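Geometric and topological summary
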Amino acid sequence: MPRTRIRRPVGPPPIAPREWAVALTGAATLAFSAWGFGGVIAWSLHVLLVGGVATLLLAVFPVPGHRSSEVSSSPAPSLDTNGTPSHFSTFPLSHSRSSGIRWNGADGEHSNLKNILRLIKSPVFWFGGAFLLYLLIGALNPGIVQLRDERGWWVEAVEPPFGVHLPTSVQSDYEPMNAWRVFNMHLAAISLVWGFWAGLRRRKTVLLVLWVFVLSGVGMAGVAIYQHVSQAKEVLWTYESSNPQFWGSFFYRNQGAAYLNWVLVTTGCLYFYLAKRSREEGQSGGPHFLCVCFIGILAVSVGLALSRGGILFAALLSTAFLGLAVLQFIGSGFGLGRLLTIGLLLAALLGAGGVLAYRAIDWAAIEKRFGDISETIENAGDDARALSSQATWDMAQDRLWLGWGAGSFRYVFPMYQRNYPEIYYRYFHKKKQQWMGRKAYRYAHNDLLQFVAEYGVIGTGLVGLTILSLLGAGVRVIRDAPLSVLCLTLGCVAAVAHAGLDFIFNSPAYWFAFLGGIALVARLSVLDAERS
């Protein structure tokens, strides 16, 4: 009996259900990073972990069904009786009934083997996988154990099960911190990146995830402003914070401001991509102007947070965005009439944002927060953060190549902190004429040095190579999307510089969004170059 055939329109095949599943799951998880209390609560970190791993599994997990390779990946149109192409091509009906075809799509780009091979061929798979393996060995190979009694806690050295020539860690409780908790943070972020890289093959799905992430971040910025104005006492009106200077869903305003700055970077990349597409299509307007409004809201929220590092880098990023926007405006190639229209619209948006920022931000509070800049520079060497950075470097040098282990900082740092009385003791008792108490440092306030202290040169190098492999994928196609890739590169440089002054990379939500955002923008640039 002859096989029944159906006629379908010629053109790009519909997006595979597998790709929709990857996009929607990844988008929902990225959006949660803005609302999940920074990932510092165990359950919120686990939500990010489940979302990241689920995104990866949806991208590569084999689905039973007929092989999709029998279906042409670029079906040719059929010919009518006159020999001219009709607008339809034919596919076997039996293939359309296959569960594998339905899940993987009709173009064969999501077959069970292709996505896995696409991931394996990517450098980010090998660098990210090597780093996760490095952390796993360290977690299974504790060289220090935390002990407790009624007097408090202390640490003692033990013989590592696999020896001292492999990565080690501190054996401690999952709450508040140990190597397994840090491993889960990195597994969540890297699995999300792998899922995006293997499972997203269309620009439409990548743009969907980017829009969801940006809208979620802007929404969090607005909620943070409202909480500030209403003088909310709890984070998202839910959790009491031991730190009264929270911002939005983040218990630490510095991390909240840094997260919003990264959303600003991603919004800028989206703006330049959409503006380029609008120019190519001969349009004078487009959704990219909405991104300008979003950048204004994000900048105002960072300003109100009164985070010195956040404000500094928000100003630098906003200035860079304006400079790149002017370059794109000059080189747009539109006629004088359209250039004038676009220029007036952009100027109106920027002017409205400037007025909003001027009225909303407490400039006197910012001036007080920054203090005397010249005095701050002169006394920088005696600053508590400078001293903690020096103590962290002392800690790193004793195990420079392999580090002390993921999550080990708060347990090992006190041994080096005592060499700096200014940051070791809590206060000076005037009557007793002696220093009293001890300051507890959870983070070094310098992620770059803390990474070296915990992961060593080898582990930190693997982290750097993972980021560079993602960024490099976008840089390789910079001719096709110059301003988007340049905006992403400047944003990454700003993020790394900010991490040298604070502990933003130790925020699970920020780290998750940071790696996910780089992967999405780079992936969009690569896909756009492939189809140009």
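Residues numbered from 1 in each chain as written. Predicted model: local features only at pLDDT ≥ 70, side-chain atom pairs only at ≥ 80, totals over all residues. Heavy atoms only, no water.

So, about the overall build of the protein chain. When its secondary structure is counted, the protein chain shows 21 helices and nine strands. Expressed as a percentage of its 532 residues, the buried residues of the protein chain come to 52%. (Helix = DSSP H or I, 4+ residues; strand = E, 2+ residues; numbered from the N terminus. Buried < 20%, exposed > 50% of the residue type's maximum accessible area, 1.4 Å probe, protein only.)

Attention now moves to the side chain of Ser525. Along the chain, Ser525 turns up in helix H21 (residues 508–530). Residue Ser525 is classed as buried on the basis of its relative accessible area, which comes to 4%. For Ser525, the side chain forms a polar contact with the main-chain oxygen of Val521, separated by 3.0 Å. Excluding residues that lie within four positions of it along the chain, Ser525 makes contacts with Val477, Ala481 and Val485. (Polar contact = N/O pair within 3.5 Å; in protein donor to acceptor, adjacent residues only side chain to side chain. Contact = heavy atoms within 4.5 Å.)

Two modes of strand pairing occur in sheets, parallel and antiparallel, and in both the strands are linked by backbone hydrogen bonds. Within the open sheet, the three strands sit side by side as S4-S3-S5. Their pairing is mixed. The open sheet has two edge strands with one neighbour each: strand S4 (152–157) and strand S5 (169–171). Each adjacent strand pair in this sheet contributes to an overall mean axis angle of 30°, direction not counted. As judged from the three bridges shared by strand S3 (residues 142–149) and S5, these two strands associate in the parallel manner. Each residue of the ladder has a partner; that of Ile144, found in S5, is Val170. (Pairing = 2+ DSSP bridges. Axes fitted to C-alpha atoms, helices over the stretch in contact; angles between N-to-C directions.)

In this section: the nonpolar core. Burial of nonpolar side chains together is a common tendency in soluble globular proteins. One finds Leu30, Tyr259, Trp262, Phe505, Tyr510, Trp511 and Phe514 to be the most contacted residues of the largest nonpolar core, which totals 134 residues. If you tally residues by element for this core, the top one is H21, at 16 residues. Not counting the four nearest positions on each side in its chain, Leu30 is found in contact with Leu192, Phe196, Val209, Phe213, Tyr259, Phe512, Ala513 and Leu520. Among the nonpolar cores identified, the runner-up in size contains six residues, and Ile41, Val235, Phe246 and Phe251 belong to it. (Core = buried A, V, L, I, M, F, W, Y, C linked by side-chain atoms within 4.5 Å.)

Take the packing of aromatic side chains next. As enumerated under the stated definition, the model contains 30 aromatic pairs in all. Grouping aromatic residues by their ring pairs yields a cluster made of Phe131, Trp262, Phe451, Tyr455, Phe505, Tyr510, Trp511 and Phe514. Its end group placed over the ring of Trp154, Arg151 keeps NZ or CZ at 5.4 Å from the ring centre. Lying over the aromatic face of Trp404, Arg399 brings its terminal NZ or CZ to 4.1 Å of the ring centre. (Phe/Tyr/Trp six-rings, centres within 6.5 Å; stacked < 30°, edge-to-face > 60°. Lys NZ or Arg CZ within 6 Å of the ring centre and 35° of its normal.)

We now examine helix H1 (residues 17–33). Its 17 residues place the ends of H1 24 Å apart at the C-alpha level, agreeing with the 24 Å of an ideal helix rising 1.5 Å per residue. Every buried residue of H1 is accounted for by Arg18, Glu19, Ala21, Val22, Ala23, Gly26, Ala27, Thr29, Leu30, Ala31, Phe32 and Ser33. (Expected span 1.5 Å × (residues − 1).)

Attention now moves to the confidence of the model for the protein chain. Overall, the predicted model of the protein chain reaches an average pLDDT of 85, with 80% of residues at or above 70. Every residue in residues 66–97 is under pLDDT 50, and counting partners more than four places away or in other chains gives 55 contacts. Taken together, the stretch residues 372–381 has pLDDT below 50 and engages in four contacts with residues farther than four places along the chain or on a different chain. (pLDDT = per-residue confidence, 0-100.)

As a further point, take the pattern of salt bridges. Under the definition given, this model contains seven salt bridges. A salt bridge links Asp149 to Arg151, with the nearest nitrogen and oxygen atoms 2.6 Å apart. Linking Asp502 and Arg385 is a salt bridge whose minimum nitrogen-to-oxygen distance equals 3.4 Å. With Asp502 in the loop between helix H20 (482–499) and H21 and Arg385 in helix H15 (residues 384–398), this residue pair connects regions lying 117 residues apart in the sequence. Owing to a relative accessible area of 4%, Asp502 belongs among the buried residues under this scheme. Beyond isolated ion pairs, a larger network of salt bridges with shared partners links Arg203, Lys276, Glu280 and Asp528. (Salt bridge = Lys/Arg side-chain N within 4 Å of Asp/Glu carboxyl O.)

Below, the discussion takes up the packing of helix H6 (residues 123–140) against helix H19 (residues 447–475). With their axes 8 Å apart at the nearest point, H6 and H19 run at an angle of 155° to one another. Taken as axis vectors, H6 and H19 run roughly antiparallel relative to one another. For the crossing formed where H6 meets H19, the hand is left-handed. Residue-level inspection shows Pro123, Val124, Phe127, Gly128, Ala130, Phe131, Tyr134 and Leu135 of H6 in contact with H19, the latter providing Tyr455, Ile458, Gly459, Leu462, Val463, Leu465, Thr466, Ser469 and Leu470. When the residues that make up the contact of H6 with H19 are grouped by side-chain class, the tally is 13 nonpolar, four polar and no charged. (Parallel < 35°, antiparallel > 145°, perpendicular 65-115°, else oblique. Left-handed = near helix turned anticlockwise from the far one by under 90°. Nonpolar A, V, L, I, M, F, W, Y, C, P; charged D, E, K, R; others polar.)

Omega for the bond connecting Glu175 with Pro176 falls within 30 degrees of zero, at 20°, which places this linkage in the cis form. Secondary-structure assignment places Pro176 in the loop between S5 and helix H7 (179–199). For Leu236, which is not glycine, the phi torsion reads 55° and is therefore positive. With respect to the element layout, Leu236 can be found in the loop between strand S6 (234–235) and strand S7 (239–240). For Leu306, which is not glycine, the phi dihedral falls at a positive 60°.

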